[in-house]
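# Coordinate analysis (summary)
As a plain string of letters, each chain reads:
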Amino acid sequence: MTDKYLILIVLATGLVGYTNVAQAELTSLSDEALGEVKGEGIGFMLEDFAFEAGADVATGNRLDITGLTNSAGDDVVLSVSQFYIAGSGSNLGTNVIGNPVNLGRLLYPYNLELLDGDDIGIAGKAVFEFATPQRFAGNSTEKPYSLLDFNMEQRTESRYPGEQTATGRRVDSVSGVDLAALSSRASERADFGIRYDLMENGVRAQSLEAHAQGVATDGSFLRLWGDNNEMVGNLEFNFYAQDLLFFACDANGNNCGDSVQFHNFVLESQLGYGEEQPVTFEVESDGNFTIEVGSIEGKTNAFYQDFYANGPRTDIYIENVSVGGSDFGSATVSNLQIQYLRATSRDL
Amino acid sequence: MKAINRSLLLLLASPVTGFALEPMSNDDLDTVTGQGGVYLSGDLTINENGGPLNSDGPAAWQSNCTAASTDSKCGARIAVNTGSSSTGWFVLDNIRGRFSFEGLTLKTRTINSGFVGDGAQFNSEVLEVGLPNTLDYENVSLTVANSNSPRPTDVGFQQTDIFTLNINGQANLQGNLLVYPTGTP
């Protein structure tokens, strides 16, 4: 009797094994199930990153940008004698390798993703998005989160004299910079800069330097999708630098002049408003390129009300501008709304 | 006798149940981690003398492709048209030169600590691309341009070069590129 039980148990175990194999087979997904599938994004970040190119020209390291001409038609070569990306304390590019920075944060990385357009106001489209680390709310109460503390006021303005009128909140002044909106910690804001020599007609004319310290681009994104066989997009570009420095030196990189310094520089620029105002990139048949931000002319009154109150806006703020050590105070550009823009290149 | 029978049965049964291949559960698969990694050195030369079409292609493609030449027929070319109303092409042209590195590494890594507290919360696997310490360039060039047709041999070909980048010598770098899935599936 006991033997029979044993045999039964062995058979039963074998059956369980076979049942498991059958469960592991691939089965086809129904249309309903496929409809639930959402693409995951790919996140990436650079850990302990530093980069330096073009340095030490004497040993043959060169990074040249050619194809430019001056007003007299002479060839102008931008010969880069240093381009670097490093951590804070790079001391204008003298401390690069060995002074790394994390670009992107593990929990808030750079991200490539296919978005469902229905969720972001681009109906029925799959939208490709490249995004930098996201922003936190900070002192902001509504999206998109801003790095600037604004004093707002209510205004009524027309789109154009005699055209639709809309009422909404507008920036009256900027009261400060709110760094709590950045997901990149202070140690994750890069220093980068470029030193380049201007060579005109083969003669080294001048050495120019531009350095940015404590840079973050959190909250920026580029979205692209197809519309009537054309690639269109929306762009949000956010740039924060603790300090921007520009100065010129003689041809040997010595005897540098006074520097122009922007302290706490904030650029928050949105281009395009979903499908209603797409940004297009085109090349004409004559070989010139065109960037166009769609016109809002002819749109409904309701659209203009929404565009005025919630549409894309560009704000620029510099907490302090100083030239040669003399402070000039703050500078603000705010409430800039592009109703139509078309920029075309022209070969000189 | 019964005891002997029982042992015999157990012996017979054990190879079947003990050694059969069994599917792994998702939980078990989660605990599997890749070991080791890849160490790569590379020496890549792109179209040093203009490219294969310059030596073996039709006569229309052949041109003088010395290192200083910016002839549109020399070097690799990528032309992109952005849509039906766009009649011209964005072009990356004259892509050539020699590019070498040593010490690019590829491996998987579990991050569950560090990163100023982010690691413990992240607690997941990433693909780690260890960047080489130096990149060597020799006559590497790239031209950004706009053109009215995809190929330089097309009838009525016109191209506006915007700028050309030439790189020689060495670039220094350090760090790791970490790649991992994001989002909420």
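To be clear, the structure that these remarks concern was listed above.
Let me sum up the structure you'll find in this document.

Analysis parameters
Residues numbered from 1 in each chain as written. Chains lettered and ligands numbered in written order. Predicted model: local features only at pLDDT ≥ 70, side-chain atom pairs only at ≥ 80, totals over all residues. Heavy atoms only, no water. Helix = DSSP H or I, 4+ residues; strand = E, 2+ residues; numbered from the N terminus. Areas by Shrake-Rupley, 256 points an atom, 1.4 Å probe, with all protein chains shown as cover. Salt bridge = Lys/Arg side-chain N within 4 Å of Asp/Glu carboxyl O. Contact = heavy atoms within 4.5 Å. Buried area = accessible area lost by both parts, 1.4 Å probe. Nonpolar A, V, L, I, M, F, W, Y, C, P; charged D, E, K, R; others polar. Buried < 20%, exposed > 50% of the residue type's maximum accessible area, 1.4 Å probe, protein only. Arc of directions from axis to C-beta. Patch = residues over 30% accessible without salt bridge, like charges linked within 9 Å, V, L, I, M, F, W, Y side chains within 5 Å. Phe/Tyr/Trp six-rings, centres within 6.5 Å; stacked < 30°, edge-to-face > 60°. Pairing = 2+ DSSP bridges. Core = buried A, V, L, I, M, F, W, Y, C linked by side-chain atoms within 4.5 Å. Disulfide = S-S within 2.5 Å.

## A word on the overall build of chain A
Broken down by element type, chain A carries three helices and 19 strands. Summed over all atoms, the accessible surface of chain A reaches about 18,100 Å², with 53% contributed by carbon and sulfur.

## Description of the pattern of salt bridges
Summed over all chains, the structure comprises 22 salt bridges over all chains. In this structure, glutamate 209 of chain A engages arginine 195 of chain A in a salt bridge whose closest nitrogen and oxygen atoms are separated by 2.8 Å. Of this pair, glutamate 209 of chain A sits in strand E10 (residues 203–216) while arginine 195 of chain A sits in strand E9 (residues 190–200), and the two are 14 residues apart along the sequence. Within the structure, one salt-bridge network assembled from shared partners comprises Arg105, Arg185 and Glu188 of chain A together with Asp118 of chain B.

## A word on the interface of chain B and chain A
Contact with chain B, which involves 53 residues of that partner, is made by 61 residues of chain A. Interface area for chain B against chain A, summed over the two sides, is near 4,700 Å², with a carbon-plus-sulfur share of 55%. For chain B, the biggest contributors to the area lost against chain A are Gln174, Tyr180 and Thr182 of chain B; these three give 13% of the whole. Linking chain B with chain A are three salt bridges. The partner of aspartate 118 of chain B in a salt bridge is arginine 185 of chain A, with the nearest N and O atoms 2.9 Å apart. Among the elements of the structure, helix H1 (2–19), strand E3 (89–111), helix H4 (118–122), strand E5 (134–147) and strand E6 (159–182) of chain B are those that each provide at least two residues to the side of chain B that touches chain A. If one sorts the elements of the side of chain B that touches chain A by residue count, E6 of chain B sits on top with 22 residues. Of the residues belonging to the side of chain B that touches chain A, the class tally is 22 nonpolar, 27 polar and four charged.

## Focus on helix H3 (residues 301–310) of chain A
All names here are of chain A. Considered for burial, the residues of H3 that qualify are Phe303, Tyr304, Phe307 and Tyr308. An end-on view of H3 places all buried positions within 130 degrees of arc, on one side of the element. Looking at the buried positions of H3, the neighbouring elements they touch are strand E7 (148–158) and strand E8 (165–177).

## Regarding a nonpolar patch on the surface
A contiguous nonpolar surface patch, about 270 Å² in accessible area, is contributed by Val38, Leu40, Leu106 and Leu127 of chain B. Its place among the elements puts leucine 40 of chain B in strand E1 (residues 38–46).

## Description of the packing of aromatic side chains
Residues and elements named next belong to chain A. In the structure shown here, the tally under the stated rule is 16 aromatic pairs over all chains. Aromatic pair phenylalanine 262 and phenylalanine 265: ring centres 6.1 Å apart, planes at 15 degrees, arrangement stacked. Phenylalanine 265 matches phenylalanine 262 in its accessibility class, with the two residues each being buried. Plain terms: the ring middles of tyrosine 273 and phenylalanine 303 are 6.4 Å apart, the flat faces sit at 50 degrees to each other, and that makes the pair tilted. One end of the pair, tyrosine 273, is in the loop between strand E13 (260–271) and strand E14 (279–283); the other, phenylalanine 303, is in helix H3, with 30 residues separating them in the sequence. Relative accessible area serves as the criterion here: at 8%, phenylalanine 303 is assigned to the buried category. Ring pairs connect the aromatic residues Phe237, Phe239, Phe246, Phe262 and Phe265, which therefore count as one cluster.

## Observations regarding the pairing of E13 of chain A
All names here are of chain A. Counting buried residues in E13 gives nine out of twelve residues, a clear majority hidden from the surface. Sheet topology places strand E12 (residues 230–249) next to E13; eleven bridges connect them, and they run antiparallel. Bridge pairing in E13 links leucine 244 to phenylalanine 262. Alignment of E13 against strand E16 (residues 314–323), held across nine bridges, turns out to be antiparallel. Bridge assignment links valine 266 to a residue of E16, and that residue is tyrosine 317.

## Observations concerning the nonpolar core
Residues Phe49, Phe51 and Leu103 of chain A are the most contacted members of the largest nonpolar core, which totals 21 residues. Among the elements that line this core, the one with the most residues is strand E1 (residues 41–53) of chain A, at four residues. Beyond its immediate stretch of four places on either side in the chain, phenylalanine 51 of chain A contacts Phe83, Tyr84, Ile85 and Val96 of chain A together with Ala171, Asn172 and Leu173 of chain B.

## Brief notes about the state of the cysteines
Simply put, the disulfide is a covalent bond whose two ends are the sulfur atoms of two cysteines. On inspection of all chains with the given rule, the structure shows two disulfides over all chains. The partner cysteine of cysteine 249 of chain A in its disulfide is cysteine 256 of chain A, sulfur to sulfur 2.0 Å. Taking the sign of the S-S torsion, 95 degrees for the link of cysteine 249 of chain A and cysteine 256 of chain A, the bridge is right-handed. On the accessibility criterion, cysteine 249 of chain A (5% relative accessible area) is buried. The exposure class of cysteine 256 of chain A is partly exposed, given its relative accessible area of 38%. Disulfide partner of cysteine 65 of chain B: cysteine 74 of chain B, at an S-S distance of 1.8 Å. Taking the sign of the S-S torsion, about -85 degrees here, the bridge from cysteine 65 of chain B to cysteine 74 of chain B comes out left-handed. No difference in accessibility class separates cysteine 65 of chain B from cysteine 74 of chain B, as the two residues are buried.

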